[in-house]
Amino acid sequence: MDQILPKLLWMSTAIAFWVVWAGTVTAQEVEVQGCGGGGEFCVLGETLESPETVGNESSDPTENRIYPINQYEDNNSLGQVTNVSQLRDVQPSDWAYTALRSLIERYGILTGYRDRTFRGNRSMTRYEFAAGLRQALDQIQSLIARGGDVPPTDLATLEQLTNEFVLELSLLRGDVDALTARTRELELTQFSTTTQLDGEVIIGAAGIVSEDDTVTTLGHRTRLNLDTSFTGQDLLRTRLQAEGLGRLERRTGTPEGELSFTGASDSDLEIDALLYRFPIGNQTQVVIAANAGAADDFTDTINPYLDGDGASGAVSRFATRAPIYYLVSGAGVGVRHAVNDHLEVSLGYLAGNGGNPEPGNGLFDGAYGALAQVKFEIRDRATIGLTYVNAYNQDWQVGSQDTNLVNQLDLPVVTNSVNLAASIQLNPRFVVGGWAGYTKANVIDEGDANLWYWALTLALPDFGKTGNLGGFIIGMEPKVTGSDRLKSLGIDDPSTSLHLEAFYQYKLTDNITITPGIIWLTAPDHNSDNDDIFIGTIRTTLQF
């Protein structure tokens, strides 16, 4: 039976990959017909020929810039535009630039996305066009009521469009009325006017296969987030979490290849995170973490699409983000400041046992991680980040056993680490990236060690259909390359292990995604005497 279950899991993983790969389909695009159905797109005062290619632009990764906007809104929420220069992806050389400027300056009806993009190549349905038309009608009626001047050509175009979209406008009005009634009902029945509740459940199956050993596990990670905003710009997050899938290290004998959603196996419910985020001005954001804070709470990990904190993206901890960020966790403060549209600086200090008053603990007497990072964006398509972390008694939780010196030796360890990371979006559906890092570790009164790691990543957003994601990662998890006097303590990695990972995230519905993934570790724990390890997983994420 022990042999059958892993084989079944591996067969199902392989079949899932094959079905998704072979059955990929391009999301059907809807042609916008207007002004007589000739394939032209009409706006007030302008008739524009559509570009030869109209495609669905891929969904952007989580926007990491700082804007004084309600934290509950996502990056696809719309906002009013008052000047065409506010749109980052619209240039004077663009074919529709004049028409967009006319809509903004003449009628003020154009909206953009939260990340200040217009996404002009995105296809739209007739209902979406009708919604924009409805907005134009309301604005022109208001302008006429105030005695404003509306060109006759615009009125004629508006009348023609209104006649053609009369059905959609009627349906839209009915939807608005129904939504208004529903909103009033929710206002009467909601449990809080300042707090929203959302949940996330990961059900994960994992199979570990080596030459002499096989095992299959099934477990979960469940989170409930209570997000509270007092001003519309701040966020108080209280997270309850229960983990029911133990770490694979207990069976593999190495932190390498650890899954991004494993942890405890007792399913005890606890407060996993408690933090408060608030802005200072328009460019600075402060995060105060009272429990289980992490580097990604106040800085950009520069790994778009792949860093989904276990629920999405890469299936391993190593591929989720560069190891340097795992050295910063606990209670403390983080600050994030946008110098300008291209340059951002992050600073943070988190203590591993900040709430423990016993000797050798607390904010400044125990384990800590202090981070400084500079991030530079080039034309919104390329991001480069340089990160430095000074830490005391903090382990990676990835890499070989010997690189996790605190756990391995139970001695005080000071580390100074640097990391260079980059991400380049060559087109909306092809993103390459990677990182490389070095650490100088000092085991107090014992000796020093040099640690290295690197990775190359490939993300394929909307691969197969909109909302899906493919990913490939190859790299070397943290390795001891020179240990000075520590060799006498057994700290030495004699070989080099490679981490190879592939996954495909399939969006089943808006709330359910299924992600099969495979991890291959050569010379596990950086020791060629160990047999290669294969880890297969199927992660199902439910969000509500």
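Keep in mind the model is a prediction, meaning the values are calculated, not measured. (Residues numbered from 1 in each chain as written. Predicted model: local features only at pLDDT ≥ 70, side-chain atom pairs only at ≥ 80, totals over all residues. Heavy atoms only, no water.)

Caption draft 1: Local environment of empty space enclosed by the protein. One pass over the structure, following the stated rule, counts two cavities of 30 Å³ or more. One number sums up the size of the largest cavity: a volume of about 60 Å³. Taken together, 14 residues make up the lining of the largest cavity; nearest its centre are Asn 303, Pro 304, Ser 423, Gly 433 and Thr 457. Among the secondary structure elements, those contributing two or more residues to the lining of the largest cavity are strand S16 (413–427), strand S17 (430–443) and strand S18 (447–461). (1 Å grid on protein atoms, 1.4 Å probe; cavity = no way out; pocket = protein on both sides within 12 Å on 5 of 7 lines; lining within 4 Å. Points joined across faces, edges and corners; volume = space filled by probe spheres on them. Helix = DSSP H or I, 4+ residues; strand = E, 2+ residues; numbered from the N terminus.)

Caption draft 2: Highlighting the pattern of salt bridges. All told, the structure shown has 13 salt bridges when counted by the stated rule. In this structure, Arg 237 engages Asp 227 in a salt bridge whose closest nitrogen and oxygen atoms are separated by 2.8 Å. Taken as a pair, Arg 237 in strand S7 (residues 235–243) and Asp 227 in strand S6 (residues 214–228) lie far apart in primary sequence, ten residues in all. According to the relative accessible area criterion, Asp 227 is buried, its value standing at 6%. Two residues, Glu 377 and Lys 375, come together in a salt bridge whose shortest N-O distance is 3.5 Å. In this structure, Glu 377 and Lys 375 share a single accessibility class: buried. Each of Arg 223, Asp 296, Asp 307, Asp 309 and Arg 321 takes part in one network of salt bridges that share partners. (Salt bridge = Lys/Arg side-chain N within 4 Å of Asp/Glu carboxyl O. Buried < 20%, exposed > 50% of the residue type's maximum accessible area, 1.4 Å probe, protein only.)

Caption draft 3: Expanded view of the confidence of the model for the protein chain. The predicted model of the protein chain averages 82 in pLDDT, with 78% of residues at 70 or higher. Predicted confidence is poor over residues 1–75, with pLDDT under 50, and the contacts of this stretch with residues over four places away or in other chains come to 183 contacts. (pLDDT = per-residue confidence, 0-100. Contact = heavy atoms within 4.5 Å.)

Caption draft 4: Quick look at the side chain of Thr 228. Along the chain, Thr 228 falls in strand S6. A polar contact of 2.7 Å, which involves the side chain of Thr 228, links it to the side chain of Thr 195. (Polar contact = N/O pair within 3.5 Å; in protein donor to acceptor, adjacent residues only side chain to side chain.)

Caption draft 5: View of the pairing of strand S8 (residues 270–280). Where S7 meets S8, seven bridges bridge the pair, whose relative direction is antiparallel. If you follow Leu 236 over to S8, its bridge partner there is Tyr 276. Of the pairings in the sheet, the one linking S8 to strand S9 (residues 284–294) comprises seven bridges and is antiparallel in character. Each bridged residue has a counterpart across the sheet, and for Ile 280 the counterpart in S9 is Thr 284. Where S8 folds back onto S9 in an antiparallel hairpin, the turn is made up of three residues, including Gly 281, whose phi is positive at roughly 75 degrees. (Pairing = 2+ DSSP bridges.)

Caption draft 6: Structural detail: the packing of aromatic side chains. The tally for this structure, following the rule as stated, stands at ten aromatic pairs. Relative to Tyr 453, the ring of Trp 396 has its centre 5.7 Å away and its plane inclined at 75 degrees; by these criteria the two rings are edge-to-face. Placement of the pair is Trp 396 in the loop between strand S15 (382–392) and helix H9 (405–409) and Tyr 453 in strand S18, with a sequence separation of 57 residues. (Phe/Tyr/Trp six-rings, centres within 6.5 Å; stacked < 30°, edge-to-face > 60°.)

Caption draft 7: Here's a closer look at the environment of Thr 238. Along the chain, the position of Thr 238 falls in strand S7. As a C-alpha pair, Thr 238 and Asn 225 span 13 residues in sequence and 5.8 Å in three-dimensional space. Setting aside chain neighbours within four positions, we find Thr 238 in contact with Leu 224, Asn 225, Leu 226, Ala 273 and Leu 274.

Caption draft 8: Focus on the pairing of S6. Strand direction decides the pairing type here: strand S5 (residues 195–209) and S6, joined by 15 bridges, are antiparallel. Each bridged residue has a counterpart across the sheet, and for Ile 208 the counterpart in S6 is Val 215. Where S5 folds back onto S6 in an antiparallel hairpin, the turn is made up of four residues. Direction of pairing for S6 relative to S7: antiparallel, over a ladder of eight bridges. Within S7, the position partnered with Leu 226 by the bridge is Thr 238.

Caption draft 9: Focus on the environment of Glu 256. Its place among the elements puts Glu 256 in the loop between helix H6 (249–252) and S8. Given the relative accessible area of 1%, Glu 256 is considered buried. The spacing of Glu 256 and Leu 498 is 242 residues in sequence and 9.6 Å in space, taken between C-alpha atoms. Here Glu 256 is in contact with Gly 399, Ser 400, Glu 477, Ser 497, Leu 521, Ala 523, Pro 524, Asp 525 and His 526, once residues within four sequence places are set aside.

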